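Reading the structure
Below are the chains, spelled out letter by letter.
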Amino acid sequence: MRALGYSVEREGVPVQAYRCDATKPKAHQYSPPEPGDPWYLAYNLYARRRGTALPDEQVVVLAHKDSQSWVDSPGAYDNAVGTISVLEIARVLRDYAPRRSLCFLLCNEEHTPWTSVTAARGAKERGENLVAVFNLDGLGGKSAEETAAGSMTNVTLYTAPEGERLAELMAQVNKEYGIGLMQRPYARPHPGDDDGSFVNAGFPAAVANIGSYPYADPNYHCETDVPEAVDLANVRLAVQASLAAIVRVLEGQWP
Ligand SMILES: [Zn+2]
């Protein structure tokens, strides 16, 4: 990220790993840590570039960079694809001077507490103005039937009306650029995932892009979430659409 011209900061957050409860269904075998369980230092990584015209208005592009702590999963869809998507967007924008400020955040989610909570609360405490937050998680992850049918899917999850407008922007750029995703908005009843950390902290324009919802990847939270099962063509299209929406916001063309 430094080599790409961003200014990078690291923020340590103490976390505990979830325990494994094998009596639960396969995708949900995590259980809370015991009080005496060890603490680890996980890191939020921020990579920033200041906006040329509207530097106080910030766009956050984030992904959690870890995989599950309670099962030996490689975490290819959850969430190596989100992590590499953030890195790829940073690479593509290496020579770009945005009108609004740009912040990439790589955080940790699959243990407790989620480090995006610290990031979101910190932004609120510093009085930052986050005009949009894009969380990239499980891009292209979908059911075996959708994969077999060659479906190129993306769902934009939102909680608040401001997020719904970002989901509309995703649909708009998908259409305008002929990206070809089956793009769908989904209103979640409560804030969830790392975008939800920002909604809870008072930043309602936060969305997650994910391959399906409810998440239908048969390998979800399993040892079989391996790179070979990832539909890279779908990940690519979801990154293109995300990038198009992100640049619209960075240029001040949204909301
Ligand atoms: Zn995830």
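This structure is a prediction, so every number in the text was calculated from the model and none was measured.

1. Details of the overall build of the protein chain
When you go through the protein chain residue by residue, the secondary structure sums to six helices and ten strands. Compactness check: the protein chain gives a C-alpha radius of gyration of 17 Å against a globular reference of 18 Å for 255 residues, within 12% of the reference. Principal-axis analysis of the C-alpha atoms gives the protein chain an extent of 55 × 45 × 35 Å. Taken over 255 residues, the protein chain has a buried fraction of 46%.

2. Observations regarding the packing of helix α1 (residues 76-92) against helix α6 (residues 232-250)
Remark: α1 packs on α6, axes separated minimally by 10 Å, with the N-to-C direction vectors making an angle of 50 degrees. With respect to α6, the axis of α1 lies oblique. Crossing of α1 against α6: the hand is right-handed. Contacts between α1 and α6 involve Val81, Ser85, Glu88, Ile89 and Val92 on the former and, on the latter, Val235, Val239, Leu243 and Ile246. Grouping the constituent residues of the contact of α1 with α6 by class yields seven nonpolar, one polar and one charged.

3. Describing the sheet that holds strand β1 (residues 7-16)
Note on sheets: strands pair through backbone hydrogen bonds, and any given pair is parallel or antiparallel. Spatially, β1-β4-β6-β5-β7-β10-β8-β9 is the arrangement adopted by the eight strands of the open sheet, whose pairing is mixed. Bordering the open sheet on either side are β1 and β9 (182-187), each of which pairs with just one other strand. For this sheet, the mean angle separating the axes of adjacent strands, direction not counted, is 20 degrees. With five bridges connecting them, strand β4 (residues 39-49) and strand β6 (residues 100-107) associate as antiparallel partners. Residue pairing for β6: Ala47 is matched across the bridge by Phe104.

4. Digging into the pairing of strand β8 (residues 153-158)
Here is the key point about a regular strand: its side chains alternate between the two faces of the sheet. Along β8, six of the six residues are buried, which leaves the element largely enclosed by surrounding structure. Along β8, one buried face is formed by Thr153, Val155 and Leu157 and the opposite face, lined by Asn154, Thr156 and Tyr158, is buried too. Across six bridges, β8 lies against β9 in parallel orientation. Looking across to β9, one finds that Thr153 is bridged to Met182. Tracing the backbone out of β8, into helix α4 (residues 161-176) and back to the parallel element β9 gives a crossover that is right-handed. Here β8 runs beside strand β10 (residues 206-210); their pairing, made up of four bridges, is antiparallel. Residue pairing across strands places Val155 opposite Ile210, the latter belonging to β10.

5. Topic: the packing of α4 against α6
Taken N-terminus to C-terminus, the directions of α4 and α6 make an angle of 115 degrees; their axes are 9 Å apart at the nearest point. The orientation of α4 with respect to α6, classified from their angle, is roughly perpendicular. Read as a crossing pair, α4 and α6 show a hand that is right-handed. Residue-level contacts link Leu169, Met170, Val173 and Asn174 of α4 to Ala241, Ala244, Ala245 and Arg248 of α6. Counted by class, the contact of α4 with α6 contains six nonpolar, one polar and one charged residues.

6. Some details on the environment of Cys222
Here Cys222 shows up in the loop between β10 and α6. In contact with Cys222, not counting residues within four places along its chain, are Lys26, Val71 and Ser73.

7. Topic: the environment of Arg121
The residue Arg121 is located in helix α2 (residues 115-125) in this model. The spatial distance from the C-alpha of Arg121 to the C-alpha of Leu41 is 18 Å, given a sequence separation of 80 residues.

8. Some remarks on α6
In this model α6 runs 26 Å from its N-terminal to its C-terminal C-alpha over 19 residues, within 8% of the 27 Å that 1.5 Å per residue would give. Listing the buried residues of α6 in full gives Asn234, Val235, Leu237, Ala238, Val239, Ala241, Ser242, Ala245, Ile246, Val249 and Leu250. The first or second residue beyond α6 is Gly252, which carries a positive phi of 80 degrees.

About the thresholds
Residues numbered from 1 in each chain as written. Predicted model: local features only at pLDDT ≥ 70, side-chain atom pairs only at ≥ 80, totals over all residues. Helix = DSSP H or I, 4+ residues; strand = E, 2+ residues; numbered from the N terminus. Rg over C-alpha atoms; globule rule 2.2 N^0.38 Å. Buried ≥ 20, exposed ≤ 12 C-beta atoms within 10 Å, placed from the backbone. Axes fitted to C-alpha atoms, helices over the stretch in contact; angles between N-to-C directions. Parallel < 35°, antiparallel > 145°, perpendicular 65-115°, else oblique. Left-handed = near helix turned anticlockwise from the far one by under 90°. Contact = placed C-beta atoms within 7 Å. Nonpolar A, V, L, I, M, F, W, Y, C, P; charged D, E, K, R; others polar. Pairing = 2+ DSSP bridges. Right-handed = clockwise from strand over helix to strand, strands pointing away. Expected span 1.5 Å × (residues − 1).

Any functional reading would require information that these geometric values do not contain.
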